[in-house]
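Results of the structural survey
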Amino acid sequence: FNSNGVRYWSSYYGGSNQDGNTGTGFDIHADGDLFITFNTLSNNILVSSNAMKATNGITDAFIMRLNNDGWPKYATYFGGSAEDIPLDIKVDYNKNIVVVGATKSSSDIASQPSYQSNIGGLEDGFILRIDSMGLLLWSTYFGGASNDRLNAVTIADSFLVVGGQTRSSIDI
């Protein structure tokens, strides 16, 4: 909507199964580009040619960038073979994004090298950094021996600040 309450554009985006029922986030760059993430059970959402992952696991994160007219610039799945739920997304001044969430996947989450290359408990947080063209910069697990998740992220200068929930008493 514009500042006068007039709808500028709207759209549907998803697949043939449940999309966005437990994890959804968005952020807007100063030039109007919209960055969206949601969880999906669908395996038939259109992705861009440079997608990190072209199909869904069980439940994956879906990440996309739309221009200020609502046209996709990139779209990709992210996740492993189990449940991966995005819970927040932020964009920086260079249009790089950070997505945080929760994962039960034991593989295909952490890039190499990473802060934490293996899942620590039944559920860990994840941090994913993507460049302005939708290419992976890095990703990592974040958690201890119990259930952990990251619910929020902010970008302050060149630092990421993350917050979430933990049941782990060490390794956080």
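Let us look at the structure shown here. Every value quoted in this text rests on a predicted model; they were computed, and no experiment measured them.

Attention now goes to the nonpolar core. Ranked by internal contacts, the top residues of the largest apolar core, which has 14 residues, are Ile63, Phe78, Ile97, Val99 and Leu128. Within the residue set of this core, elements represented by two or more residues are β3 (60-66), β4 (72-78), β5 (84-91), β6 (97-103) and β7 (124-130). Here the element with the most residues in this core is β7; it accounts for three residues. Sequence-distant contacts of Phe78, that is, excluding residues within four places in its chain, are made with Met52, Asp60, Ala61, Ile63, Asp84, Asp108, Ile109, Phe126, Leu128 and Ser139.

Turning our eyes to something else, we now look at the side chain of Glu123. Mapped onto the fold, Glu123 is located in the loop between β6 and β7. Of the polar contacts made by the side chain of Glu123, one reaches the side chain of Arg149; its length is 3.1 Å.

A few words now on the sheet that holds β4. Taken together, the four strands give an open sheet; going across it, the order is β1-β2-β3-β4, and neighbouring strands pair in antiparallel fashion. Each edge of the open sheet carries a strand with a single partner, namely β1 (19-28) and β4. Sheet twist, expressed as the average angle between the axes of neighbouring strands with direction ignored, equals 15°. Here six bridges tie β3 to β4, and the two strands are oriented antiparallel to one another. Across the sheet, the residue bridging to Ile63 is Thr76, located in β4.

Here Ser105 lies in the loop between β6 and β7. Accessibility expressed as a relative area gives 0% for Ser105, which makes it buried. Of note is the side chain of Ser105, whose polar atom sits 3.4 Å from the backbone nitrogen of Gly80. At 3.3 Å, the side chain of Ser105 forms a polar contact with the backbone nitrogen of Ser81. With residues up to four places along the chain from it excluded, the contact list for Ser105 reads Gly80, Ser81, Ala82, Glu83, Asp84, Ile119 and Tyr141.

Turning next to the sheet that holds β6. An order of β5-β6-β7-β8 is seen for the four strands of this open sheet, with the pairing classed as antiparallel. At either end of the open sheet lies a strand with only one pairing partner, and these are β5 and β8 (136-142). Geometrically, the sheet is characterised by an average inter-axis angle of 15° between neighbouring strands, direction not taken into account. Bridge count for β7 against β8 is six bridges, and the pairing is antiparallel. The residue bridging Gly125 from the neighbouring strand is Phe142, located in β8.

This part covers the pattern of salt bridges. Between side chains of opposite charge, pairing is possible as soon as their charged atoms come close. Summed over the entire model, instances satisfying the criterion amount to nine salt bridges. Ionic pairing is found between Asp60 and Lys53, a salt bridge with its closest N-O pair at 2.7 Å. The exposure class assigned to Asp60 is buried, which follows from its relative accessible area of 0%. Members of the salt-bridge network, linked through shared partners, are Asp31, Asp33, Arg65, Lys73 and Lys95.

Thresholds applied
Residues numbered from 1 in each chain as written. Predicted model: local features only at pLDDT ≥ 70, side-chain atom pairs only at ≥ 80, totals over all residues. Heavy atoms only, no water. Core = buried A, V, L, I, M, F, W, Y, C linked by side-chain atoms within 4.5 Å. Buried < 20%, exposed > 50% of the residue type's maximum accessible area, 1.4 Å probe, protein only. Helix = DSSP H or I, 4+ residues; strand = E, 2+ residues; numbered from the N terminus. Contact = heavy atoms within 4.5 Å. Polar contact = N/O pair within 3.5 Å; in protein donor to acceptor, adjacent residues only side chain to side chain. Pairing = 2+ DSSP bridges. Axes fitted to C-alpha atoms, helices over the stretch in contact; angles between N-to-C directions. Salt bridge = Lys/Arg side-chain N within 4 Å of Asp/Glu carboxyl O.

Geometric descriptors of this kind do not, in isolation, establish any biological role.
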